[in-house]
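# Fold and geometry: a report
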Amino acid sequence: VAYEQEGVFIHSSCGKNDDQDNLIAGVLRVIEKENEVIVDWRPLDDTLDTSNILCAGKDSSSVVEWTQTPKEKSSRGADRPSSYEAEWDMVTTVSFKKKPHSNGDATTHANGESKWSFLFSLTDLKSIKQNKEGMGWSYLVFCLKDDVRLPALHFHRGDSKLLIKCLEKHVVLSESPQDKRILLVNSQNKSLSQSFENLLDEPSYGLLQKLKKDPYTATMGRFSKVTNYIFDSFRLTDPSTQRRPPSEMADFLNDAIPGLKINQQEEPGFEVITRIDLGKQPEVSRREPVSAEEWTKNMDSEGRILNIDYIKQLIFKGGLCHTLRKEAWKFLLGYFPWNSTKEERANLQKRKTDEYFRMKLQWKSVSEEQEKRNSRLRDYRSLIEKDVNRTDRTNKFYEGEDNPGLILLHDILMTYCMYDFDLGYVQGMSDLLSPVLYVMENEVDAFWCFVSYMDQMHQNFEEQMQGMKTQLIQLSTLLRLLDSGFCSYLESQDSGYLYFCFRWLLIRFKREFSFQDILRLWEVMWTELPCQNFHLLLCCAILESEKQQIMDKHYGFNEILKHVNELSMKIDVEYILCKAEAISMQMMNCKELPQAVSEILGIESRSVTPDSDTGEDESGAVLSCPASLYQSISTPVIAANGTRDSTQQTSETQSLTPV
């Protein structure tokens, strides 16, 4: 059962009096079967005893007042409004005579249930009509392909949005051009998305199972439809008959993710990127992680950071030793203000502790009965439990089924649903929380650090996916400037939209690096150095590293997608950080940097003189992050080729003191 909602009524016009409508309470379910998805509504009482049917009396002003049948003497429930104004879709027993179900699933029930109970397969659904916004309880009317129009279902407890979201996991819905209230079912894409289930075979089963557990496949409802189709393309048996053409797959990707299709020329600030000589990428090296001694030396007697920019630069160049992370991450994520004193931070933690446990108490005090009536909270809990059970257990902090770490993970995510009930929980959020909780080892601190992280990431998880669309457009712009030839090759293989980077961006490379490597990568990114959107340059660095193999072996759409997915846990984090920093310096030093790229990277000027050590250009403007700034503090420990050079430990870094 993928969806279940009580309090879904049919308003029938078969009352004993002309001015009354019978209100038949029922349960609506969406049931996932092996080969199809069924929508099923049935009354709570199959006998349809008229003494249990509420009647709605209508006066001349179209305001409906609740009345009772003569046999019912009990007072109406407190949750039933005394009046409301709504559009009414009247259905009579005569007009609602359902045709035999096309796939044989419709059965005739005893005790008159066939008059009202119905079920149908989503493959037979043609359209859904919705009520107008703000007009009383929401209702839906299902219309099937054989033009059978089922009775309107009125949602007396909550609205119908969760049902629509559930259906969108299985079919593609789009607004009718003639009437925005009508959602049309795209049957072509539905059949494509089912192709994986029908064609799954054993040889590639292991790979498909691994991919199917990925956030790439499950995080967004709409995006999950894409992956079923992608799985079909990975089948290795008889490609001439089983695989679909890459061009058809690319078209499907565009159609199946409404709003995510990239057309840069329609984007504000669009600029054609012509071929520009960026010059040679500079050699970049990294230093050892920031030590506890370095951190302490940069604090005054009250615990205030003396030189914020300096300490951020050290973290960017080398990361943090693990013992520092518990404290430093609170600053990097914005939980602790950088200029706060130790006493101010202690007072802040006390306030935040009280605030956290008040929110936690809200969902902890919800009874089972109450949760049954709150479908959103119930759905959030179900998703959280599934994701928590899939947490990476390679880290000892999360080993075992009843591990305290897993319990805290669940509790923090549930409390976040109270903090931001509109966004709630979306699959993939647990990937962002688990490293934070591991480092903090404290429920309250982990929660508020996670809140700060979600403030940065929330657009990735919003239903319209505008954040993901923007990032893919920006990544395409950067990659085209960096290597237009590679971009042209990807476009020739229907891969120009870079959808294979979706997972990288969605959960910030969490599934691409080992648990320890992701701690290093995230803390470097949180410095917000050396420019805005450094994570996009990390994507460019990975793609540029794989370009040779992709082009030399003439990979097509399917092979590119498969190759990128198999990079997981094989990427050298230090090498990629070096390469991404080199790309940033290369672009910052470019005299003719396109305006679109400058805006993506947050660079104030696009022109710099070769002999400028201060980052000033000919007009006196300053780059937001001069490249020389990082060279001055770096100890060449990790070279750009990823090798460690133990002989080049300079004393320059040790002699540096905060300015």
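What this report covers is the structure whose coordinates are included nearby. Starting from 1, residues in each chain are numbered consecutively following that chain's sequence as written. In view of the model being predicted, local features appear only for residues whose pLDDT reaches at least 70, and side-chain atom pairs are presented and counted only at 80 or more, with totals across whole chains, interfaces and linings using the full set of residues. To get the side-chain values, all heavy atoms of the structure are used, and hydrogens and water are removed first.

### Describing helix H1 (residues 161–168)
Given 3.6 residues to a turn, an α-helix orients residues that are three or four positions apart in the same direction. For clarity, the threshold we go by: Accessible area is worked out with a 1.4 Å probe on protein chains only. A residue is then buried under 20% of its type maximum, exposed over 50%, and partly exposed in between. Elements are defined by DSSP. Helices are runs of H or I of four residues or more, strands are runs of E of two residues or more, and each kind is numbered from the N terminus.
Counting buried positions over the eight residues of H1 gives six, a clear majority of the element. Regarding H1, the residues found buried are Leu162, Leu163, Ile164, Cys166, Leu167 and Glu168.

### Focus: the packing of helix H18 (residues 466–482) against helix H24 (residues 573–588)
Pairs of packed helices are described in terms of their axes, by the angle between the two and the distance that separates them. Condition: To define axes, lines are fitted to C-alpha atoms, for helices over the stretch in contact only, and angles between the resulting N-to-C directions are given on a 0 to 180 degree scale. Oblique is the label for any angle not covered by the other classes, which are roughly parallel (under 35 degrees), roughly antiparallel (over 145) and roughly perpendicular (65 to 115). Only heavy atoms enter the contact rule, under which two residues are in contact if any of them lie within 4.5 Å. Residues are grouped as follows: nonpolar covers Ala, Val, Leu, Ile, Met, Phe, Trp, Tyr, Cys and Pro; charged covers Asp, Glu, Lys and Arg; every other residue, Gly included, is treated as polar.
It is at 12 Å that the axes of H18 and H24 come closest, and there the two elements cross at 75°. The orientation of H18 relative to H24 falls into the category roughly perpendicular. Between H18 and H24, the contacting residues are Leu478, Leu481 and Leu482 on the first element and Ile583, Gln586 and Met587 on the second. A breakdown of the residues in the contact of H18 with H24 according to their chemical character gives five nonpolar, one polar and no charged.

### Section: the environment of Asp159
Along the chain, the position of Asp159 falls in the loop between strand E10 (153–155) and H1. C-alpha separation for the pair Asp159 and Tyr139, spaced 20 residues apart in sequence, amounts to 7.9 Å.

### Re the nonpolar core
As a reminder of what qualifies: The term nonpolar core refers to a set of buried residues drawn from Ala, Val, Leu, Ile, Met, Phe, Trp, Tyr and Cys, joined through side-chain atoms within 4.5 Å. The split into domains, and so the bounds of each, comes from an automatic or database assignment of domains.
Judged by nonpolar contacts, the single largest core of 123 residues is most densely connected at Trp295, Phe509 and Met587. Counting residues domain by domain, this core receives three or more from each of domain 2 (223–236 + 246–319 + 464–604) and domain 3 (320–460). One finds Val148, Phe155, Leu167 and Val185 within the second-largest nonpolar core, a separate group that totals 31 residues.

### Concerning the pattern of salt bridges
A side chain of one charge can pair with a side chain of the opposite charge when the charged atoms of the two come close. Selection rule: Salt bridge criterion: a side-chain nitrogen from Lys or Arg within 4 Å of a carboxyl oxygen from Asp or Glu.
A complete count under the given rule lists 26 salt bridges for this structure. One salt bridge in this structure joins Asp445 and Lys330, with 3.8 Å as the shortest N-O distance. Of this pair, Asp445 sits in helix H17 (residues 443–457) while Lys330 sits in helix H11 (residues 322–332), and the two are 115 residues apart along the sequence. Of the residues examined, Asp445 reaches a relative accessible area of 8% and is grouped as buried. Lys330 gets classed as buried once you look at its relative accessible area, which sits at 6%. Within this structure, Arg286, Arg325, Arg520, Glu523 and Glu574 form a network of salt bridges that share partners.

### What to know about the packing of aromatic side chains
Operational definition: Planes of paired rings set the category: under 30 degrees apart is stacked, over 60 is edge-to-face and the rest tilted, where pairs are Phe, Tyr or Trp rings (Trp by its six-membered ring) whose centres lie within 6.5 Å.
Following the criterion strictly, the structure yields 24 aromatic pairs and no others. Their ring planes at 20° and their centres at 6.2 Å tell us that Trp41 and Phe118 sit as a pair that is stacked. With Trp41 in strand E3 (residues 37–43) and Phe118 in strand E7 (residues 118–121), the pair connects residues that are 77 residues apart, well separated along the chain. Taken as a pair, Trp41 and Phe118 share a single burial class, namely buried. Three or more aromatic residues joined by ring pairs make a cluster, and in this case those are Tyr356, Phe357, Tyr416, Tyr419, Phe447, Trp448 and Phe450.

### Quick word on the side chain of Ser452
Summarising the element assignment, Ser452 is placed in helix H17. Contact partners of Ser452, with chain neighbours within four places excluded, come to Leu333, Gly334 and Tyr335.

Purely spatial values, then, with no claim about function.
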